[in-house]
Amino acid sequence: MDTRPVLMKGIGEADLRSIDVYKSRGGYEMLERAVKTMQPAQIVEIVSKSGLRGRGGAGFPTGRKWQFLPENGEPRYLVCNSDEAEPGTFKDRMLLEETPHQIIEGMLIGAYAIRSHHAFIYIRGEFLRGYEIFRAAVEQARAAGYIGKGICGTDYDLELTIHRGAGAYICGEETALLNSLEGKRGEPRLKPPFPAIKGLYGKPTVVNNSETLSYLAPILRNGAEWFAGVGTERSTGYKIVSISGHVKRPGNYEVPLATPIRVLIDECAGGLRDGRKFMAVQPGGGSSACLFEEHLDLPYDYESMAKNGTMLGSGAMVVFDDTTDFVHAALALVRFFAHESCGQCTPCREGGHWLEQMLERIVHGDGLESDIDLLKSVSHQITGLNLCPLGDSIEPFLSSVVNRFEDQFRAYVKVPVAS
Amino acid sequence: MTATSFEELAAALKPEADAIVAQYEDSRSALLPLIHRFQDAQGYVSADAMRTTAEWLGLSLAVVESTVSFYTLFFRRPVGRYMLQVCRNLSCTMNGAGAIMERFRERLGVGHLETTEDGLFSYEEVECLAACDRAPCMQVNLEFVYDLTPQAVDDMVAAIRGGTYPVKPLAQTEAPARSWHVSKDAVPRVPGGRDVPDPNDPGGIGDRTGVIMLDRVVRDLSPDRTRERLVKDGRELLERGH
Ligand SMILES: Cc1cc2nc3c(=O)[nH]c(=O)nc-3n(C[C@H](O)[C@H](O)[C@H](O)COP(=O)(O)O)c2cc1C
Ligand code: SF4
Ligand code: FES
């Protein structure tokens, strides 16, 4: 099975950071074709037809998102989301460091498609190396006439600005990202209005993930039908899946959507380590509920994941074998969300910390039997009551493992009674 | 850093700052980039840096401080020359991060969010670094280090101490305090300890209030660790003659 068919093609074989190498493999041809021979609306239509859905987590159809932009004559912006911090996800960093021109070309095509003259990329603060590589690539692209005044010799002006984050997971949420880009605290905004109506500087704005944008040039090259023909009817095309945890070959694998989970774990990631037994897999980042043995033959696509009470999210798969302490695993993720809560909503801010305290207590042997029941009930009182999805992300993993591995949690609270 | 040298730094940065501001439709967007520049030069975000940024962007100091305080990579107090940030999230935990963190704590003699006495190391346990395929992992001054083992920790600490570690040290224009964190995550501070409250320090009061200390104790520390902490702090106070 080819696990680097499109975006990952050439990584590790050629230095795709060099614009000459990128161009020698057909790079920037699609940008030229787009701005020289295509109308923006044509590109929107091709992308809609391809069925491409956002690869940043929510899976929203990209073409449809672009069509929400109002025709009000205001400037509009395209923002590339490279804030990647969802636990288990490590694909955007690879794209940034290994094949930055692919992101740049996608940003430029996307910006042209929505008739924007200014595109931004928000790069996670921790990715200093990625930022430096990307900056060098932007300079090459600018020198080659792809960025700036009159790109590709046309009269279309298109600026590209790189913005570095400074440490905050929540800035990956699109409205928090826009606040951060405006020089503010990275706190999510109330929606509606959605960014497409009122985004950066109050102007219509599209936020797309770097993997989503990277697929634009391949889709223009090979056609909407090519992409739509891979996967299922509603989950089309390829997806980079980051697989980590207890597998032999953790890494990024680019596969057709609807590839069975078992194939991803066994064939792509080399299966479990010798002598270990599969216990669970978290299929879509830190916010997703676990799947178990009985789910291994499910196709990995948006609908199948949703139907089974979880999600595909950013495509981050964490595999757990029988050495896993799920109480510690739950603590690690609950602590993460508690730490990253921006603090605007009480259920998220307080609920996360209460759960963290409770799990700390359990892990240190100070838990009570009743804590387990409390864990199960309290977590449900957080979900659905918050301004942004972070608050709703605390509970799914926790609930799924408490319910499945309750005995592990109970074992921690079996404290001998003092005589 | 003395007043004149800060003025020199600000003057040297001004042209670049103007170019950064010009990249955005609204000058406030330059806030994070400018603070990054100042931190690169001074090793932390000084009160001077925040004041100057506020002035340049036409913002109030309060707005700049409040924004800076939101981001964990902005250090509002001086830090060590090597910022060690070890991942504590899921895939790393599942692959032995616990032993790595224990080894660092032991070798450095400090805990989460603390700086060593000699000002060489700051240590923090951080969230997923997007390198889960190479777990357990960390960043040293934002350079990735993968596939950690306890032995690799020993080697790294020794190499940094010996001046042979291949990552550039951070700027250090002032001696660090015990912790650089001025937030809800701050390590409980003992009144009259080494960090005497500085009225000019924007975060100098908040992290010393009993409420925050209590919050931290309840939230982050087990009873055992709380006890250890109190004994350690008490011993330090006695040693200093309080
Ligand atoms: C808490 C939170 C964190 C997020 N982090 C990211 C991220 O790091 N990268 C990303 O592309 N999208 C992230 N998203 C999703 C974005 O809000 C947004 O949906 C996405 O960038 C849109 O791009 P897409 O349609 O191409 O997926 C996050 C959402 C939430 C609620
Ligand atoms: S849900 Fe949490 S992270 Fe999201 S806005 Fe509310 S407090 Fe902030
Ligand atoms: S869990 Fe440590 S890098 Fe992702």
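Residues numbered from 1 in each chain as written. Chains lettered and ligands numbered in written order. Predicted model: local features only at pLDDT ≥ 70, side-chain atom pairs only at ≥ 80, totals over all residues. Heavy atoms only, no water.

Asker: What exactly am I supposed to notice about the domain arrangement of chain A here?
Answerer: Many descriptions give the size of an interface as the accessible area lost when the pieces come together. Residue and element names in this part refer to chain A. Annotation of chain A at the domain level lists domain 1 (19-228), domain 2 (238-321) and domain 3 (326-411). Summarising the inter-unit geometry, the C-alpha centres of domain 2 and domain 3 are found 23 Å apart. If you look at the interface, domain 2 gives 12 residues, while domain 3 gives 10 residues. Summed over both partners, the interface of domain 2 with domain 3 comes to about 900 Å²; 70% of that surface belongs to carbon and sulfur atoms. If you look at where domain 2 meets domain 3, you find 1 salt bridge. Between Arg404 and Glu294 there is a salt bridge, with the nearest N and O atoms lying 2.8 Å from each other. Here the side of domain 2 that touches domain 3 gets 3 residues from one element, more than from any other, and that element is strand S8 (residues 278-282). Looking at the side of domain 2 that touches domain 3, its residues break down into 6 nonpolar, 4 polar and 2 charged. (Domains from an automatic or database assignment. Contact = heavy atoms within 4.5 Å. Buried area = accessible area lost by both parts, 1.4 Å probe. Salt bridge = Lys/Arg side-chain N within 4 Å of Asp/Glu carboxyl O. Helix = DSSP H or I, 4+ residues; strand = E, 2+ residues; numbered from the N terminus. Nonpolar A, V, L, I, M, F, W, Y, C, P; charged D, E, K, R; others polar.)

Asker: How should I be thinking about the site of ligand 1 in this particular structure?
Answerer: Residue and element names in this part refer to chain A. Around ligand 1, 18 residues are found, and the nearest of them are Gly56, Lys65, Asn81, Asn209 and Thr212. In this structure, an oxygen atom belonging to ligand 1 sits 3.3 Å away from a main-chain N or O atom of Glu84. Between Gly172 and ligand 1, the recorded distance is 3.3 Å, taken from a backbone N or O atom to a nitrogen atom. A total of 610 Å² of accessible area belongs to ligand 1 in isolation, and the protein chains cover 91% of it. Top contributing element to the shell around ligand 1 by residue count: strand S4 (residues 205-209), with 3 residues. Residue composition of the shell around ligand 1, grouped by class: 5 nonpolar, 7 polar and 6 charged. (Near = heavy atom within 4 Å. Polar contact = N/O pair within 3.5 Å; in protein donor to acceptor, adjacent residues only side chain to side chain. Areas by Shrake-Rupley, 256 points an atom, 1.4 Å probe, with all protein chains shown as cover.)

Asker: Any chance you could explain empty space enclosed by the protein here in plain terms?
Answerer: Where empty space is left becomes clear once a probe the size of a water molecule has been rolled over the atoms. Per the counting criterion, the structure on display carries 5 cavities of 30 Å³ or more. Empty space within the largest cavity amounts to approximately 230 Å³. What lines the largest cavity is a set of 25 residues, among which Arg124(A), Glu126(A), Gly167(A), Ala168(A) and Thr72(B) lie closest to the centre. Residue assignment for the lining of the largest cavity shows that the elements contributing at least two residues are helix H14 (326-340) of chain A together with strand S3 (121-126) of chain B. Estimates place the volume of the second largest cavity at around 90 Å³. Looking at the second largest cavity, it is lined by 13 residues, and the ones nearest its centre are Cys342(A), Cys345(A), Cys348(A), Cys388(A) and Leu390(A). (1 Å grid on protein atoms, 1.4 Å probe; cavity = no way out; pocket = protein on both sides within 12 Å on 5 of 7 lines; lining within 4 Å. Points joined across faces, edges and corners; volume = space filled by probe spheres on them.)

Asker: Please clarify how helix H12 (residues 261-268) of chain A should be interpreted in this entry.
Answerer: Residues that lie three or four places apart on an α-helix share one face, since the helix turns once every 3.6 residues. Among the residues of H12(A), Ile261(A), Val263(A), Leu264(A), Ile265(A) and Cys268(A) are the ones counted as buried. Following H12(A) by one or two positions, Gly270(A) has its phi on the positive side, about 80 degrees. (Buried < 20%, exposed > 50% of the residue type's maximum accessible area, 1.4 Å probe, protein only.)

Asker: How should the environment of Ile265(A) be read in this particular structure?
Answerer: All names here are of chain A. With respect to the helices and strands, Ile265 occurs in helix H12. Taking the relative accessible area as the measure of exposure, Ile265 reaches 2% and is therefore buried. On a C-alpha basis, the gap between Ile265 and Pro250 in space is 9.3 Å, while along the polypeptide they are 15 residues apart. Residue contacts for Ile265: discarding those within four places in its chain leaves Val247, Gly270, Gly271, Leu272, Phe278, Val281, Leu296 and Val319.

Asker: For this particular structure, what's the right way to read the interface of chain A and chain B?
Answerer: At the junction of the two partners, chain A supplies 62 residues and chain B supplies 47 residues. Of the roughly 4500 Å² buried where chain A meets chain B, counting both sides, 53% is carbon and sulfur surface. Its largest share of buried area at the contact with chain B, chain A owes to Ala166(A), Arg185(A) and His339(A), together 14% of the area lost on that side. There are 1 salt bridge connecting chain A and chain B. Note that Arg129(A) is salt-bridged to Glu143(B), the shortest N-O span being 3.0 Å. At the junction of chain A with chain B, the criterion picks out 25 residue pairs in polar contact (both at pLDDT 80 or more).

Asker: Would you take a moment to explain the side chain of Lys239(A) for this structure?
Answerer: All names here are of chain A. As for its position among the elements, Lys239 is in strand S5 (residues 238-245). Classification of Lys239 by relative accessible area gives buried; the value is 0%. A polar atom in the side chain of Lys239 sits 3.0 Å from the backbone oxygen of Ser314. Leave out the neighbours within four places in its chain, and Lys239 touches Arg55, Lys91, Glu211, Tyr215, Tyr253, Glu254, Val255, Leu257, Leu312, Ser314 and Gly315.

Asker: Explanation requested: the packing of aromatic side chains in the structure shown.
Answerer: Two aromatic rings, taken as a pair, are described by how far apart their centres are and by the angle between their planes. One pass over the structure, following the stated rule, counts 25 aromatic pairs over all chains. Ring centres of Trp226(A) and Phe227(A) lie 5.7 Å apart, and the angle between their planes is 55 degrees; on these two criteria the pair is classed as tilted. Under the relative-accessibility criterion, Trp226(A) is labelled partly exposed at 25%. Centre to centre, the rings of Tyr71(B) and Phe74(B) are 6.0 Å apart; their planes meet at 70 degrees, and the pair counts as edge-to-face. Residue classification places Tyr71(B) among the buried residues on the basis of a relative accessible area of 2%. By way of ring pairs, the aromatic residues Phe292(A), Phe320(A), Phe326(A), Phe397(A) and Phe405(A) are connected into one cluster. Stacked on the ring of Phe144(B), the Lys or Arg Arg93(A) has its end atom at 3.9 Å from the ring centre. (Phe/Tyr/Trp six-rings, centres within 6.5 Å; stacked < 30°, edge-to-face > 60°. Lys NZ or Arg CZ within 6 Å of the ring centre and 35° of its normal.)

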